[in-house]
Amino acid sequence: MPDPEGHPSIEEMDLRTVLNALADPLRFGVITALLGEAEGAERTVASFGLPVSKSTLTHHFRVLREAGLIRQVDRGNSRAATLRREDLDRRFPGLLDLVRANS
């Protein structure tokens, strides 16, 4: 069962759900941007500069969070996103390398 913020445990991460989340170009771009950051780096949702409405932005980050690709934390009036790099490497070895190679 996902935690109260909607983050699935490593065992709950499903490959089809992860691949579906990555299939969208905007979400794929968010993940590749986070791959370019230092491990554990946090970025606010607004820092990605995606050309979509706030409600659409919320939707995209919810999909990424519920797939287990990112962890989001409330930071006052914004949310910070962190790539779940270690969890993804343990659950799906090589997946992030494939994403990086295709960015």
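All values derive from a computational prediction rather than experimental measurement. (Residues numbered from 1 in each chain as written. Predicted model: local features only at pLDDT ≥ 70, side-chain atom pairs only at ≥ 80, totals over all residues. Heavy atoms only, no water.)

### Digging into the layout of surface pockets
In this structure, the largest pocket spans a volume of roughly 260 Å³. The wall of the largest pocket is formed by 13 residues, among which Val45, Lys54, Leu57, Thr58 and Arg79 lie closest to the centre. For the lining of the largest pocket, the elements supplying multiple residues, two or more each, are α3 (54-67) and β3 (78-83). When residues in the lining of the largest pocket are grouped by element, the largest group, 6 residues, is from α3. (1 Å grid on protein atoms, 1.4 Å probe; cavity = no way out; pocket = protein on both sides within 12 Å on 5 of 7 lines; lining within 4 Å. Points joined across faces, edges and corners; volume = space filled by probe spheres on them. Helix = DSSP H or I, 4+ residues; strand = E, 2+ residues; numbered from the N terminus.)

### Brief notes about the pairing of β3
Both strand β1 (residues 43-44) and β3 contribute to a ladder of 2 bridges, which runs antiparallel. In the sheet register, Thr44 faces β3, and the bridge partner there is Ala80. With 6 bridges connecting them, strand β2 (residues 70-75) and β3 associate as antiparallel partners. Opposite Arg75, over in β3, you have Ser78 as the bridge partner. Where β2 hands over to β3, the hairpin turn is made up of 2 residues, of which Gly76 adopts a positive phi near 75°. (Pairing = 2+ DSSP bridges.)

### Topic: α3
Counted at 1.5 Å a residue, the expected span for α3 with its 14 residues is 20 Å, and the 20 Å between its end C-alpha atoms agrees. All of the buried residues in α3 are Leu57, His60, Phe61, Val63, Leu64, Arg65 and Ala67. Those residues of α3 that are buried lie in contact with α1 (15-23), α2 (25-35), β2 and β3. Count one or two residues on from α3 and you reach Gly68, which has phi positive near 95°. (Expected span 1.5 Å × (residues − 1). Buried < 20%, exposed > 50% of the residue type's maximum accessible area, 1.4 Å probe, protein only. Contact = heavy atoms within 4.5 Å.)

Purely spatial values, then, with no claim about function.
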